Amino acid sequence: MRLNRLLSVFILMLGFCCHIAQSNAQTVDDATLRPLVQALAGDNFENTTKAISDLVKTGDPRVSKILDALSAGDLYVAKADKTVFLGKRDGSDYAATDALTGAKLDPVPRSAAEKIKVNNRLRRDIAAAIGGLTLMSDNIAERRSAAEAILKTRDPESIPLLDQAIAVEKDAGVKALMQQAKAAAVLNSDAADDVKIAAITEVSAGNSRAALGLLTPLENVQGPVGEAAKAAIDSINTKLAFWNAIQNVVYGLSLGSVLLLAAIGLAITFGVMGVINMAHGEMVMIGAYTTFVVQQIIRTSAPGLFDYSLLIALPAAFLVSGGIGVVIERGIIRFLYGRPLETLLATWGISLVLQQAIRSWFGASNVQVGNPSWMAGSFDLGLLTLTWSRLWIIVFALSVFAILQLVLKKTMLGLRMRAVTQNRRMASSMGIRTPWVDALTFGLGSGIAGIAGVALSQIDNVSPNLGQGYIIDSFMVVVFGGVGNLWGTLVGAMSLGIANKFLEPFAGAVLGKIVVLVLIILFIQKRPRGLFALKGRAIEA
Amino acid sequence: MITQWFFTHVDRRGGIAIALLVAIALLVPLSNLLLPQTSPLHIPTYLVSLIGKYLTYALLAVALDLVWGFCGILSLGHGAFFALGGYAMGMYLMRQIGPRGVYADPVLPDFMVFLNWKELPWFWHGFDNFWFAALMVVLVPGALAFGFGWLAFRSRVTGVYLSIITQALTYALLLAFFRNDMGFGGNNGLTDFKDILGFNIQAGTTRSMLFAATALFLALAVFVSSFIIRSKLGKVLVGVRDAESRMRFLGYRVDRYKLFVWTISAMMAGIAGALYVPQVGIINPSEFEPANSIEAVIWVAVGGRGTIIGPIIGAVLVNFGKTYFTAAFPEIWLFALGALFIIVTLFLPKGILGLYGSWRTKLADRAARKKDSAPPPVAAENVHLPEPQAAE
Amino acid sequence: MKAQDTLLYLDGVSVSFDGFRAINNLSLVLQTGEMRAIIGPNGAGKTTMMDIITGKTKPDAGDVYFNGEVDLTRHDEAEIALLGIGRKFQKPTVFESHTVEDNLVLALSGPRSAFSALFHRQSANEAERIEDILYTIRLNGKRDWLAANLSHGQKQWLEIGMLLAQDPKLLLVDEPVAGMTDAETAETAKLLREIAKTRSVLVVEHDMHFVRELDVKVTCLHEGSVLAEGSLDFVSNDQRVIEVYLGR
């Protein structure tokens with residue numbers, strides 16, 4: 001029985017070899033082809049089957065279209081002259097075209113034509129035949145999708161076709177895919193154990209998740225095949241676990257970058273100046289709205305610049321949020337230095353006012369901020385699929401961090417800023433205008449929040465409530481990392497991001513977040529000054 | 001005897017407040033129930049419930065002031081204790097619905113039937129008894145506050161750090177209570193209540209009684225706060241607020257004092273929540289919103305922190321303003337509230353009552369100094385501190 | 001052990017903050033009933049030493065014993081205060097929103113638990129002690145004043161009064177005469193000598209007139225360890241002391 005089938009497969013293969021040898025998808029002239037097409041309108045299904053296989057043997061690219069039409073029931077035969085044509089119902093007529101050339105024919109009255117009947121078995125044959133044909137197609141995308149289709153159906157009958165196609169395939173990617181498909185089909189066939197084991201090796205080299213799906217049914221098969229499958233499954237699982245961990249780290253880093261962006265401005269106002277700015281989230285929100293406004297202006301006046309909209313929005317958001325920050329510092333916060341709890345309340349009031357102002361101005365619902373083309377799409381890294389926006393956020397957050405470190409360490413403003421934080425009286429007696437340094441520091445922190453808003457506008461809904469979603473997380477990051485220490489903020493943000501992502505699979509997103517919050521609350525009990533705490537007498541005062 | 005005992009623990013202002021609260025606990029229900037609707041002194045039922053709601057807020061504010069005003073612990077999470085008390089009461093009210101729910105299950109509340117739960121979760125047992133629920137109203141917030149405070153105060157988390165983690169606490173609870181599988185009705189919370197203690201919760205008499213209960217509990221809270229503040233313990237608390245480490249060097253276990261007042265305050269907030277829920281008819285996770293807790297802080301700040309009745313005045317005034325503004329000019333309300341935060345912290349750090357109070361203590365202090373024959377003391381700011389670089 | 005029969009015994013104590021050695025192998029012994037003056041330039045570690053004795057700062061190394069037997073490094077501030085060590089801060093720290101009398105009530109030795117405080121009623125004995133202390137610190141006419149309204153010198157005295165109310169065995173007094181007039185300084189020296197009759201006292205001070213008036217053994221600290229120890233005359237003639245502290 002099995003031998004019989006193998007033999008028939010072999011014969012089919014042989015047939016194909018000959019056919020491939022004479023023509024790799026080359027055109028056969030109409031005269032040869034037309035009688036074969038006519039034969040489709042045979043008296044019984046058997047004849048039709050033969051006609052299909054004859055047609056396929058020609059390897060003509062037009063064949064697949066004709067077979068498609070046959071399968072869909074669009075192929076008709078005129079009662080009078082038995083001509084086969086492509087028909088489409090048009091009132092009481094069929095709009096007819098020539099099956100081969102596609103030339104328009106006179107409409108045929110519906111009563112004068114008959115549909116060529118197909119049954120399910122025929123349809124299956126047709127599908128297999130088309131699969132085989134498109135494996136040979138000139139078009140690389142068609143060949144790829146044909147291989148993918150077989151990978152799904154795992155039809156053993158297509159093995160010979162695949163062998164054919166693999167032999168002539170030039171594109172490495174498609175070739176690998178075809179080999180995968182072939183291995184999948186072999187596993188689904190009655191092939192000998194050693195053939196199957198080879199196929200298992202082949203399959204497990206490919207897409208791991210798909211391979212798991214193929215191999216799992218074999219796991220319980222007795223004998224070497226089952227064992228090989230089991231071993232392959234184990235190794236795939238190890239590999240998947242590894243990549244899963246990598247994915248958690250990468251996703252965690254990207255979440256951490258978002259946290260870092262939101263928190264880093266706070267690390268300056270809270271960490272360096274000791275000012276609790278509850279309106280920090282609103283600075284982020286205003287940055288996001290600035291991006292929206294910039295994009296609106298670009299859309300109406302210079303649509304060509306849209307891809308640069310974020311680059312234009314960055315300085316704009318920095319100036320807008322930073323400017324508002326300076327105004328807040330000069331107008332309110334400077335009267336509250338040394339009274340942190342009052343500062344907290346007053347800035348909360350500011351946050352309410354800013355939220356309502358934006359709501360009155362832009363409306364309460366989300367505004368649409370577009371993604372420039374370079375933020376869209378994704379790429380593969382090993383078994384990971386990463387979106388470009390995720391990657392850009394990481395890069396962006398780290399650059400902001402680096403630039404900020406440079407500003408604090410290398411510029412005059414940074415030097416003065418540190419001087420004022422460490423010893424206000426001394427700094428002021430050395431001629432540093434401490435009020436301006438305060439205002440600029442607060443402005444810098446707010447401006448960075450605005451920049452964060454530009455980035456967050458790409459991954460989050462831009463609404464007046466945007467900032468509220470980040471304020472608690474940002475404070476957690478700063479407090480966790482240790483106040484007054486930017487590196488602490490970086491490490492804090494990244495570790496919280498990664499912890500969140502590792503907890504998510506076990507606990508779900510919400511519960512994971514709760515767990516992280518509770519852990520931070522407990523952590524602060526242990527180290528009230530955070531991860532990278534400064535200690536000493538000065539801090540206690 | 002009793003009056004004498006009473007007045008050693010309550011000052012004049014507290015006494016007046018308690019008397020007033022007892023009076024409205026009697027008069028408002030009487031006016032609502034006995035006077036004809038046409039009478040100008042008749043208070044309609046909706047207004048009874050509205051004022052009742054304000055008074056539960058006032059109770060929350062009194063609780064918050066006990067820790068913030070007198071002990072310097074700025075809690076941004078008192079809404080959590082309020083909401084937990086409210087949920088405990090809500091669970092009792094849910095169980096009272098019995099088979100009258102939409103799905104007519106004799107035991108399971110509607111939302112559990114909807115979620116296809118087969119039996120009552122363990123933590124819902126006992127809530128069909130009023131006494132049990134009443135106990136939980138104080139025990140659950142009290143236990144949470146005790147655990148949280150024990151950890152926080154022992155490791156000396158103070159100031160803004162403490163404020164921020166209290167905010168994180170209520171935020172974590174907010175997220176948790178939004179989840180359906182927590183078993184507290186998820187997003188929708190608990191609602192559609194029918195009876196309380198066998199009385200129809202919608203009826204005018206029940207509403208009046210709830211109002212009276214609220215006013216009396218508020219009076220009790222004023223008394224308890226006064227008792228604590230006027231005791232030596234109260235003096236220790238104020239000492240902790242003003243100079244915590246000095247208190248430690250005097251031999252006081254500051255963490256235990258804080259823990260005591262923190263837990264009492266959380267229990268008061270729980271009672272406030274429990275009285276709030278039957279009067280508004282719903283409890284849902286939004287009560288855990290950090291914004292709610294901060295709003296409670298501004299009630300205290302407006303009225304005057306560090307005073308016993310300031311928080312009551314603040315809570316009633318701000319919430320009256322909120323009711324008025326959100327109905328008349330909804331756009332303006334957040335501007336007004338935000339401005340209130342800014343103005344109070346900048347110009348009225350001690351609130352309405354504090355302004356009045358500091359003016360009065362100044363007078364009293366001046367009188368005390370007049371009695372004293374010593375020359376007027378030198379203001380501390382004027383004393384020149386020599387630079388202790390080198391002597392001789 | 002060596003700590004026996006001493007009231008305060010520090011040996012080989014070191015502590016550093018972020019790499020800065022505030023106290024470096026410091027050893028100091030105080031006998032029961034002794035008054036000692038500590039001098040030294042800014043940053044010599046005087047306040048940090050007090051922080052270590054009172055449990056605010058834990059030393060990285062070294063022994064700190066009280067009464068010859070109690071290891072102070074194992075106790076926190078409140079416990080150490082109850083053992084009988086009172087401390088006056090450099091900046092006068094009184095409870096400004098309490099009256100003078102309430103400041104003393106809070107400081108008065110007695111049960112410290114929250115429960116006892118809640119139901120505390122003042123006894124006749126306590127009232128009498130407060131009366132005594134008010135007299136001693138010359139504030140008996142100002143008992144109802146808010147502490148905030150006292151002059152700087154009066155605050156210093158109130159704080160000393162609070163120390164007395166605590167009834168400690170050892171008083172740590174940090175710069176008691178800073179900001180005082182000459183007359184007040186002399187009064188304070190008198191007061192401290194009076195106190196030292198019944199208790200041990202450790203005084204940190206910069207004012208050399210004041211130290212001379214105290215007329216006690218002097219220890220000079222420098223960079224976290226003892227530079228010289230002895231009578232004031234002996235110490236002030238030490239070359240190194242003159243170099244780092246007194247100046248030529």
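What counts and what doesn't
Residues numbered from 1 in each chain as written. Chains lettered and ligands numbered in written order. Predicted model: local features only at pLDDT ≥ 70, side-chain atom pairs only at ≥ 80, totals over all residues. Heavy atoms only, no water. Pairing = 2+ DSSP bridges. Helix = DSSP H or I, 4+ residues; strand = E, 2+ residues; numbered from the N terminus. Axes fitted to C-alpha atoms, helices over the stretch in contact; angles between N-to-C directions. Contact = heavy atoms within 4.5 Å. Buried < 20%, exposed > 50% of the residue type's maximum accessible area, 1.4 Å probe, protein only. UniProt positions renumbered as here; feature names shortened; annotations may be inferred. Buried area = accessible area lost by both parts, 1.4 Å probe. Salt bridge = Lys/Arg side-chain N within 4 Å of Asp/Glu carboxyl O. Polar contact = N/O pair within 3.5 Å; in protein donor to acceptor, adjacent residues only side chain to side chain. Nonpolar A, V, L, I, M, F, W, Y, C, P; charged D, E, K, R; others polar.

A.B. asks: Explain the sheet that holds strand 7 (residues 170-174) of chain C to me, using residue names and the numbers behind them.
C.D. replies: Either a parallel or an antiparallel arrangement is found when strands of a sheet pair, and the pairing is made through backbone hydrogen bonds. All names here are of chain C. Here we have six strands laid out as an open sheet, ordered 6-7-8-3-9-10, and mixed in their pairing. Both outer strands of the open sheet, strand 6 (85-88) and strand 10 (225-230), are each paired with one neighbouring strand and no more. Across the sheet, the mean angle separating the axes of adjacent strands is 20 degrees when strand polarity is ignored. In the sheet, strand 7 pairs with strand 8 (residues 200-204) via five bridges, with the strands oriented parallel. Pairing of Leu172 across the sheet is with Leu202, part of strand 8. Sitting on the sheet, helix 6 (residues 152-166) is in contact with strand 6 and strand 7, with an inclination near 175 degrees to strand 6.

A.B. asks: Please set out the pairing of strand 9 (residues 217-222) of chain C residue by residue, giving values where relevant.
C.D. replies: Residue and element names in this part refer to chain C. Within strand 9, five of the six residues are buried, which leaves the element mostly enclosed by the surrounding structure. The pairing of strand 3 (residues 35-39) with strand 9 spans four bridges and is classified as parallel. Residue pairing for strand 9: Ile39 is matched across the bridge by Cys220. For strand 9 and strand 10, the ladder comprises five bridges, and the chain directions are antiparallel. Residue pairing across strands places Cys220 opposite Ala228, the latter belonging to strand 10. The turn linking strand 9 back onto strand 10 is made up of two residues, and Glu223 within it adopts a positive phi angle of 45 degrees.

A.B. asks: Which residues make up the UniProt feature "transmembrane region" (unreviewed entry) in chain B, and what values go with them?
C.D. replies: Residues annotated by UniProt as "transmembrane region" (unreviewed entry) correspond here to residues 15-35, 55-84, 130-153, 160-178, 209-229, 257-277, 297-320 and 332-356 of chain B. End C-alpha to end C-alpha, residues 332-356 of chain B measures 29 Å, and it is 88% helix and 0% strand.

A.B. asks: I'd like to hear about the interface of chain C and chain B, residue by residue, with values.
C.D. replies: Taken together, the 50 residues of chain C in the interface contact 41 residues of chain B. At the boundary of chain C with chain B, total buried surface from both sides reaches about 4100 Å², with 61% on carbon and sulfur atoms. Our count for the chain C to chain B interface comes out at five salt bridges. Where C:Asp102 meets B:Lys235, a salt bridge forms, and the shortest distance between an N and an O atom there is 3.3 Å. Counting every contact that joins chain C to chain B gives 17 residue pairs in polar contact (both at pLDDT 80 or more). When contributions to the side of chain C that touches chain B are tallied by element, the ones reaching two or more residues are helix 2 (77-83), strand 6, helix 3 (100-107), helix 4 (114-118), helix 6, helix 8 (208-214) and helix 10 (239-246) of chain C. Ranked by residues supplied to the side of chain C that touches chain B, first place goes to helix 6 of chain C with six residues. The residue makeup of the side of chain C that touches chain B, split by class, is 21 nonpolar, 15 polar and 14 charged.

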